[in-house]
Amino acid sequence: MLDLTHYIDGEHHEGSSGRFAEVFNPATGEIEKRTPLASASELDRAVAAAKAAQPEWAAANPQKRARVFIKLAALLEENKAAMAEDLSREHGKTIEDSKGDIQRGLEVVEFVIAAPHLLKGEFTEGAGPGIDMYSMRQPVGIGAGITPFNFPAMIPLWMAAPAIACGNAFILKPSERDPSVPLRIAELFEEAGLPKGIFQVVQGDKETVEAICAHPEIGAISFVGSTPIARSVYANATANGKRAQCFGGAKNHMVIMPDADLDQAADALIGAGYGSAGERCMAISVAVPVGQETADKLIDKLKPRIEELHVGPYTDEKADFGPLVTAAAKEKVLGLIETGVADGAKLVVDGRGFSHQGYEDGFFVGGCLFDDVTPDMEIYKTEIFGPVLSVVRAKTYEEAIDLPMKHEYGNGVSIYTRDGDAARDFANRINIGMVGVNVPIPVPLAYHSFGGWKASSFGDLNQHGTDSIRFWTRVKTVTARWPSGVKDGAEFSIPVMN
Ligand code: NAD
């Protein structure tokens, strides 16, 4: 079994806490590696290295910092295929999907090459007699990122790239399920010329996360994961005076209007519902056809498409999706499917018995489709995070839009229609952060910002785009007067510019 490491102060370190997590190959069910889980004292070492390195990095001019990202982008491109192999082996997703995971992170790296422009402050000449006023964006200092298993390349880079481009040192606590690719990113950062101590990887679990939230030297925390943990990390981090942005789970609906191209909508639902075995925070897990005729036709189109899905290990080039990440994830998904059946939803396609020849111990679940799901059912309320699509039938557009509006989560949503008025009304009224019009997975590109509403996000600023520059910097505003020729005495009232 291979032992993974931390990456602290430019070097790989074996753990010293004596605590480890097993890393599986989800396709075979075998334990192939183990990762150390950091104690508070190991985190202290990383923070000390970050503290020593950060002032010089912040003082480097922004163009010089940006050049590291130009090199990093090229290195990620060169290493994409090998990294995708590692990623799929620990996560279970297909190689093409892993390449997409890396590509989406690479795009944020490309975005921050423009950091010198994005960091420019504001200036007002002559704000008063002889007075100029200017504001500048300065790094927070040391930032930390805590990331989920489902995008082990993209999400660390969402956080690390803007944090570092803005002059911060950054400590990543990746998911203990797939910790290899984050270590590779650390090596590539170093190859790209990043000084030691500016990007570090501290492997860990709950104990490590608690130490991060409590650490007095860490100024900002970015978290992505499930909602209960996002909520508690946000509460802990902010109670300790830190800036925090914490992104949680989702239940993304797609409304299908009677005038929609139903073949297009069905194809979109298959890709967005079952891609990556449904383990995406932007997966569509609820389809809401409007009108009985739309619903019946949609089910007729979905059923054969789901039955034909090719489920297999990442080594099978024909696989549409792979296994779930762990045995526990599989158990959770199967348990939720049971509740759906018990609550009276109609299981139109049942993937529970799926097994792949030669991979009988893998954590596979075949594609499942529920019809006649109602909002009181557990399968509607809970994020399943598996290859399970629920159809909730709505009689009218108003009934359809009401469903995502009233749901606890507010990450993504989509509408399929040919009616511009309906699409416009939907986009304006919906209380959800990312909206697709005839687009099933409306993940914003790197130069826009990513983030949900309601229980999908805690904190004010989103990932990447200009929000990320705001999150990883503090504004300082200087009012300066060079008083040649200006005479005044002591002033006791609040200064105003008359
Ligand atoms: P998770 O919440 O189990 O883990 C996320 C991180 O928190 C990991 O680094 C983990 O080590 C740590 N952690 C786990 N338990 C903890 C605890 N009790 N206290 C403190 N830290 C703890 O999430 P996951 O299973 O890795 O990822 C899937 C979840 O992430 C889904 O809910 C998905 O919707 C969500 N997600 C959200 C977004 C988004 O942008 N909104 C993106 C990707 C994934």
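What this report covers is the structure whose coordinates are included nearby. (Residues numbered from 1 in each chain as written. Predicted model: local features only at pLDDT ≥ 70, side-chain atom pairs only at ≥ 80, totals over all residues. Heavy atoms only, no water.)

1. Structural notes on the layout of surface pockets
Then step 1. The calculated volume of the largest pocket comes to roughly 980 Å³.
Then step 2. Secondary structure elements with two or more residues in the lining of the largest pocket: α7 (206-214), β11 (220-224), α8 (227-239) and α11 (327-342).
Then step 3. Looking at the lining of the largest pocket element by element, the count peaks at six residues for α8.
Then step 4. Of the residues in the lining of the largest pocket, the class split is 21 nonpolar, 14 polar and nine charged.
Then step 5. Two domains each put at least three residues into the lining of the largest pocket: domain 1 (2-248 + 456-478) and domain 2 (252-437). (1 Å grid on protein atoms, 1.4 Å probe; cavity = no way out; pocket = protein on both sides within 12 Å on 5 of 7 lines; lining within 4 Å. Points joined across faces, edges and corners; volume = space filled by probe spheres on them. Helix = DSSP H or I, 4+ residues; strand = E, 2+ residues; numbered from the N terminus. Nonpolar A, V, L, I, M, F, W, Y, C, P; charged D, E, K, R; others polar. Domains from an automatic or database assignment.)

2. Quick word on the site of the ligand
Then step 1. Among the 26 residues in the neighbourhood of the ligand, the closest are listed as Thr147, Lys173, Glu176, Ser226 and Glu383.
Then step 2. At 2.8 Å, a backbone N or O of Thr147 approaches an oxygen atom of the ligand.
Then step 3. A distance of 3.0 Å separates an oxygen atom of the ligand from a polar backbone atom of Phe149.
Then step 4. With the chains in place, 87% of the 850 Å² that the ligand exposes on its own is no longer accessible.
Then step 5. Here the ligand occupies the largest pocket.
Then step 6. Contributing elements (two or more residues each) for the shell around the ligand: α5 (154-165), α7 and β11.
Then step 7. Residues that form the shell around the ligand fall into these classes: 14 nonpolar, eight polar and four charged.
Then step 8. Each of two domains, domain 1 (2-248 + 456-478) and domain 2 (252-437), supplies a minimum of three residues to the shell around the ligand. (Near = heavy atom within 4 Å. Polar contact = N/O pair within 3.5 Å; in protein donor to acceptor, adjacent residues only side chain to side chain. Areas by Shrake-Rupley, 256 points an atom, 1.4 Å probe, with all protein chains shown as cover. Sits in = over half its atoms within 2 Å of the grid points.)

3. Side note on the sheet that holds strand β6 (residues 122-128)
Then step 1. Here we have three strands laid out as an open sheet, ordered β6-β7-β23, and antiparallel in their pairing. Of all the strands in the sheet, the pair left with one neighbour each is β6 and β23 (473-481). Across the sheet, the mean angle from the axis of one strand to that of its neighbour is 25°, orientation sign disregarded.
Then step 2. The pairing of β6 with strand β7 (residues 131-139) spans four bridges and is antiparallel. When the bridges of β7 are listed, Gly128 appears paired with Ile131. (Pairing = 2+ DSSP bridges. Axes fitted to C-alpha atoms, helices over the stretch in contact; angles between N-to-C directions.)

4. With respect to the packing of helix α13 (residues 397-406) against helix α14 (residues 420-429)
Then step 1. For the pair α13 and α14, interaxial distance at closest approach is 11 Å and the crossing angle is 30°. For the element pair α13 / α14, the angle class is roughly parallel. The two elements α13 and α14 meet at a crossing, and its hand is right-handed. On α14, the residues touching Tyr397, Glu398, Ile401 and Met405 of α13 are Ala422, Asp425, Phe426 and Arg429.
Then step 2. For the contact of α13 with α14, the residue count by class is five nonpolar, no polar and three charged. (Parallel < 35°, antiparallel > 145°, perpendicular 65-115°, else oblique. Left-handed = near helix turned anticlockwise from the far one by under 90°. Contact = heavy atoms within 4.5 Å.)

5. A few points about the state of the cysteines
Then step 1. Here the structure, examined in full by the defined rule, presents zero disulfides.
Then step 2. Not engaged in a disulfide, the cysteine Cys166 finds its nearest cysteine sulfur in Cys246; these two sulfurs lie 18 Å apart.
Then step 3. You can call Cys166 buried: its relative accessible area is 2%. (Disulfide = S-S within 2.5 Å. Buried < 20%, exposed > 50% of the residue type's maximum accessible area, 1.4 Å probe, protein only.)

6. Things to note about the nonpolar core
Then step 1. Counting 85 residues, the largest nonpolar core has Phe69, Ile164, Phe170, Phe189, Phe199 and Ile221 as its most contacted members.
Then step 2. It is α5 that provides the largest number of residues to this core, a total of ten residues.
Then step 3. No fewer than three residues from each of domain 1 (2-248 + 456-478) and domain 2 (252-437) sit in this core.
Then step 4. Setting aside its immediate chain neighbours within four residues, Ile221 contacts Ala144, Ile146, Ile212, Cys213, Val233, Ala237, Lys242, Arg243, Ala244, Gln245 and Phe471. (Core = buried A, V, L, I, M, F, W, Y, C linked by side-chain atoms within 4.5 Å.)

7. Examining the packing of aromatic side chains
Then step 1. Under the definition given, this model contains eleven aromatic pairs.
Then step 2. Ring centres of Phe69 and Phe189 lie 5.9 Å apart, and the angle between their planes is 90°; on these two criteria the pair is classed as edge-to-face. With a gap of 120 residues between them, Phe69 in helix α2 (residues 62-91) and Phe189 in helix α6 (residues 180-191) connect regions that are remote in the sequence.
Then step 3. Aromatic pair Phe123 and Tyr134: ring centres 6.2 Å apart, planes at 20°, arrangement stacked. On the criterion of sequence distance, the pair formed by Phe123 in strand β6 and Tyr134 in strand β7 is long-range, its members being eleven residues apart.
Then step 4. Its relative accessible area of 54% is what places Phe123 among the exposed residues.
Then step 5. A relative accessible area of 32% places Tyr134 in the partly exposed class. (Phe/Tyr/Trp six-rings, centres within 6.5 Å; stacked < 30°, edge-to-face > 60°.)

8. Side note on empty space enclosed by the protein
Then step 1. Summed over the entire model, instances satisfying the criterion amount to three cavities of 30 Å³ or more.
Then step 2. Of the pockets and cavities examined, the largest cavity occupies roughly 110 Å³.
Then step 3. As for the largest cavity, its lining consists of 15 residues, and the residues nearest its centre are Gly278, Arg280, Ala283, Ser285 and Phe385.
Then step 4. Counted as a void, the second largest cavity has a volume near 60 Å³.
Then step 5. If you go around the second largest cavity, the residues you meet are Tyr7, Asp9, Gly10, Ala186, Phe189, Glu190, Leu194, Pro195, Lys196, Gly197 and Phe199.
Then step 6. Of the residues assigned to the lining of the second largest cavity, the class counts are six nonpolar, two polar and three charged.

9. A look at the pairing of strand β12 (residues 243-247)
Then step 1. By the criterion of burial, β12 is predominantly enclosed, with four of the five residues buried.
Then step 2. As paired strands, β11 and β12 are joined by five bridges and run parallel to one another. Within β12, the position partnered with Ser222 by the bridge is Gln245.
Then step 3. Once you follow β11 into α8 and on to β12, the crossover reads as right-handed.
Then step 4. Across two bridges, β12 lies against strand β22 (residues 457-458) in antiparallel orientation. Residue Phe247 lies in a different strand from β22, and its bridge partner there is Ser457. (Right-handed = clockwise from strand over helix to strand, strands pointing away.)

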